[in-house]
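Coordinates in review
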Amino acid sequence: MTAVERPVAGPVDAAALPALRRRISAVLVASQILGGLGVATGIALAVVLAQEVAGTESLAGLAPTATVTGTALLSVPLAALMTARGRRPGLVLAYLIGALGAGIVVVAAAMDNFPLLLLGMAGFGAASSANLQARFAAADLAEPQRRARAISNVVWATTIGAVLGPNIAAPAGRSVSKLGIPEAAGPFLWAAGVFLISALLVAVLLRPDPLLTARALAPVEEQSPAARSIRAGAAAVRASPRARLALVTVAVSHTAMVSVMSMTPVDLGHHGASIDLIGLVISIHIAGMFAFSPIMGRLSDRFGRLPVIGLAMGLLACAALLAGTAGASHTQTAVGLFLLGLGWSAGLVSGSALLTDSVPQPARAAAQGLSDLTMNTAAGLGGAAAGLVVALASYGWLNLVAACLLLPLGALTLFTRGRPAAS
């Protein structure tokens, strides 16, 4: 048996599994807090930095687009690595690439080199890919009836970093001003350090590897390396109606959220909102995304994945209605953005759990990588199109388009209901 095929160093005692689950969950939560902090710290001033380096507002939006593109492009290679070697090497490599990307951003800012900045932002996106993949690592050893809760606990941990990150961006910028580095690049220097700590934490403490341990506990007939390839993962998704629904759920939820959220600050500004008020609305939105994910996990485990997917569609539709018709009512916009975050949370947690339920264990890592590729690619296209929709029509029309994305998801959910899930 080769090193790649060997699941764990020794047999796993079933009696020790509860303690192992708790320890792995704690490590993933800690890494998620750090990873979320690094991503949020850098992203807080990404557009500002891009505008300074490019010298024009028209190119500033390419910075977050490059990050989303990097997250999407790296999803499949990282999934392939995890499929072959386990979660730990994949997560460590993702954080290291994220740190390297953040470092390149700092160098690009010092050199005033915009193409190099975009390259760094793409590498920076690897850290987001690590944060996304961590939710699946939490599900590797979780009991089937508790998978959604395991996923939601890791998603919830992002709340801490997402809230703290923007608040330390300014001090991070001031800390590098005497080094000749633009203040807007300071958060990326700090993010690089945080990602390195995250990589070290995962490398040292995420042992035994949750994915390889899950394989060791799987039946002998599921041990074939051929069943773990990216192609096998794609085939498993095609073969399962519920896996296809899961893939569409996370893609639609993420695309609707990114599209509407990205243009909300612009619409608020057009209606006289101050920078502080815009920041408050986005903070409320982020709270909706992450703070209530444990509730979504428990609902998904208690009532099933499909009802919570239905809840996600209802929340996203209400969010589009409220935000799209808010006009100058900043309170209504804030409520709409909060519901948008809640709908994203319900869709991500239930869809991720359903995908894990619906494909065979050997193909899960590959299918999960395909899911992240799909959701980030769709969101990248949606975010890019959102600006065009607002420019050519209005913010209200953007929300209507986002709501229309829910129609095929609703039809697919009805079509899938009643079909058996994979064991």
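This one's a predicted model, so the numbers in the text were calculated from it and none came from an experiment. (Residues numbered from 1 in each chain as written. Predicted model: local features only at pLDDT ≥ 70, side-chain atom pairs only at ≥ 80, totals over all residues. Heavy atoms only, no water.)

**Looking at the pattern of salt bridges**
- Summed over all chains, the structure comprises six salt bridges.
- One salt bridge in this structure joins Asp 140 and Arg 87, with 2.7 Å as the shortest N-O distance. A residue pair is termed long-range when its members are at least 10 positions apart, and Asp 140 in the loop between α5 (114-139) and α6 (147-175) and Arg 87 in helix α4 (residues 87-111) qualify at 53 residues.
- Here Asp 372 makes a salt bridge to Arg 135, at a shortest N to O gap of 3.1 Å. In this pair, Asp 372 is assigned in helix α15 (residues 364-392) and Arg 135 in helix α5, connecting sequence segments 237 residues apart. Take Asp 372 and Arg 135: they sit in the same class, and that class is buried.
- Taken together, the shared-partner salt bridges in this structure form one network comprising Arg 147, Arg 149, Asp 301, Arg 305 and Asp 357. (Salt bridge = Lys/Arg side-chain N within 4 Å of Asp/Glu carboxyl O. Helix = DSSP H or I, 4+ residues; strand = E, 2+ residues; numbered from the N terminus. Buried < 20%, exposed > 50% of the residue type's maximum accessible area, 1.4 Å probe, protein only.)

**Examining helix α14 (residues 330-358)**
- Here α14 spans 41 Å end to end across 29 residues, near enough to the 42 Å set by a 1.5 Å rise per residue.
- Within α14, 25 of the 29 residues are buried, leaving the element largely enclosed by the surrounding structure. (Expected span 1.5 Å × (residues − 1).)

**Comments concerning the packing of α5 against α6**
- Put simply, α5 and α6 touch, their axes get as near as 8 Å, and they point 145° apart. Judged by the sense of rotation from one axis to the other, the crossing of α5 with α6 is right-handed. For the pair formed by α5 and α6, the contact residues are Ala 134, Arg 135, Ala 138 and Ala 139 on the first element and Arg 147, Ala 150, Ile 151, Val 154 and Val 155 on the second.
- Residue composition of the contact of α5 with α6, grouped by class: seven nonpolar, no polar and two charged. (Axes fitted to C-alpha atoms, helices over the stretch in contact; angles between N-to-C directions. Left-handed = near helix turned anticlockwise from the far one by under 90°. Contact = heavy atoms within 4.5 Å. Nonpolar A, V, L, I, M, F, W, Y, C, P; charged D, E, K, R; others polar.)

**Things to note about unusual backbone geometry**
- Residue Pro 208 is bonded to the preceding Arg 207 through a cis peptide linkage, with omega at -5°.
- The residue Pro 208 is located in the loop between α7 (186-205) and α8 (210-217) in this model.
- Phi is positive for Asp 112, close to 60°, though the residue is something other than glycine.
- With respect to the secondary-structure elements, Asp 112 resides in the loop between α4 and α5.

**Describing the packing of helix α13 (residues 305-324) against α14**
- Where α13 meets α14, the closest approach of the two axes is 7 Å, and the angle between their N-to-C directions is 155°. Judged on the interaxial angle alone, α14 and α13 are roughly antiparallel. Viewed along their axes, α13 and α14 form a crossing whose handedness is left-handed. (Parallel < 35°, antiparallel > 145°, perpendicular 65-115°, else oblique.)

**Some thoughts on the side chain of Arg 87**
- According to the relative accessible area criterion, Arg 87 is buried, its value standing at 0%.
- Of note is the side chain of Arg 87, whose polar atom sits 3.3 Å from the side chain of Gln 133. (Polar contact = N/O pair within 3.5 Å; in protein donor to acceptor, adjacent residues only side chain to side chain.)

**Observations regarding the nonpolar core**
- Val 237, Phe 290, Leu 340, Trp 344, Leu 355, Val 359 and Tyr 395 are the most contacted members of the largest nonpolar core, which totals 62 residues.
- What Val 237 contacts, discounting residues up to four positions off in sequence, is Ala 243, Arg 244, Leu 247, Leu 355, Val 359, Ala 367 and Leu 370.
- Counting 51 residues, the second largest nonpolar core, distinct from the first, contains Ala 50, Leu 74, Val 106 and Ala 191. (Core = buried A, V, L, I, M, F, W, Y, C linked by side-chain atoms within 4.5 Å.)

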